[in-house]
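# A look at the structure
Take a look at the letters that make up each chain.
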Amino acid sequence: MATSARRCPEAVSETVSRTMSRIRGRDTGPEMAVRRGLWARGVRGYRVNVKGLPGRPDVVFRKRRVAVFIHGCFWHRCPHCKRRSPKAHADYWGPKLDRNVERDREALVKLEADGWTAVVVWECEVKRSLDDVLDRIMGAVARPPEG
Ligand SMILES: [Zn+2]
């Protein structure tokens, strides 16, 4: 009786935490596609969702100092597909997305100042050609780090 009473909240919180991680945008479609693609090509030795690096890169090759960001086109204002913020609630979305873009830019500046190579991958690129995206990442990883 006591044990089952204790187990129940854990089960609930496990479900909640899984839902929360989906809400936070981790393990999203494009990111998983890239990770699966890297794995399929035999690429190993990367870490995912690394904290403590500017911008929290999605995939990190620490030894090679390569940080990969997989950006949703809407949230990060993709320059390729130029999706506009929705007209409705533009007052809300405009500044919010501007802040995202600004944060992304700052993260890249910081990483590069620390000798990292940052690779920015857009959701639409993953959809168009995962192979091109993987080539680009592997190209960055293959280059020896500077300095
Ligand atoms: Zn795009």
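To start, this report covers the structure provided alongside it. (Residues numbered from 1 in each chain as written. Predicted model: local features only at pLDDT ≥ 70, side-chain atom pairs only at ≥ 80, totals over all residues. Heavy atoms only, no water.)

### Overview of the coordination of the zinc ion
- Bound to the zinc ion are the protein donor atoms Cys-73 (SG), Cys-78 (SG), Cys-81 (SG) and Cys-124 (SG), situated 2.3 Å from the metal.
- Within one chain, the residues donating to the zinc ion are spaced in sequence as C-x4-C-x2-C-x42-C.
- Classification of Cys-73 by relative accessible area gives buried; the value is 3%.
- On the basis of relative accessibility, which here comes to 3%, the residue Cys-78 falls in the buried class. (Donors = N, O, S within 2.8 Å, 3.2 Å for Na, K, Ca; no water. Buried < 20%, exposed > 50% of the residue type's maximum accessible area, 1.4 Å probe, protein only.)

### Focus on the side chain of Glu-123
- With respect to the helices and strands, the residue Glu-123 is situated in helix 4 (residues 123-128).
- Within the structure, Glu-123 has its side chain in polar contact with the backbone nitrogen of Cys-73 (distance 2.8 Å).
- Beyond its immediate chain neighbours, meaning those up to four positions away, Glu-123 contacts Pro-30, His-71, Gly-72, Cys-73 and Phe-74. (Helix = DSSP H or I, 4+ residues; strand = E, 2+ residues; numbered from the N terminus. Polar contact = N/O pair within 3.5 Å; in protein donor to acceptor, adjacent residues only side chain to side chain. Contact = heavy atoms within 4.5 Å.)

### Some points on the nonpolar core
- Residues Val-34, Leu-38, Phe-61, Val-68, Val-121 and Ile-137 are the most contacted members of the largest nonpolar core, which totals 18 residues.
- Within the residue set of this core, elements represented by two or more residues are helix 2 (29-40), strand 2 (59-61), strand 3 (66-71), strand 4 (117-122) and helix 5 (130-142).
- Here this core takes five residues from helix 5, the largest share from any one element.
- What Val-121 contacts, discounting residues up to four positions off in sequence, is Val-68, Phe-69, Ile-70, His-71, Val-126, Val-133, Arg-136 and Ile-137.
- By size, the runner-up hydrophobic cluster in this structure holds eight residues, among which are Val-50, Ala-67, Leu-111 and Ala-118. (Core = buried A, V, L, I, M, F, W, Y, C linked by side-chain atoms within 4.5 Å.)

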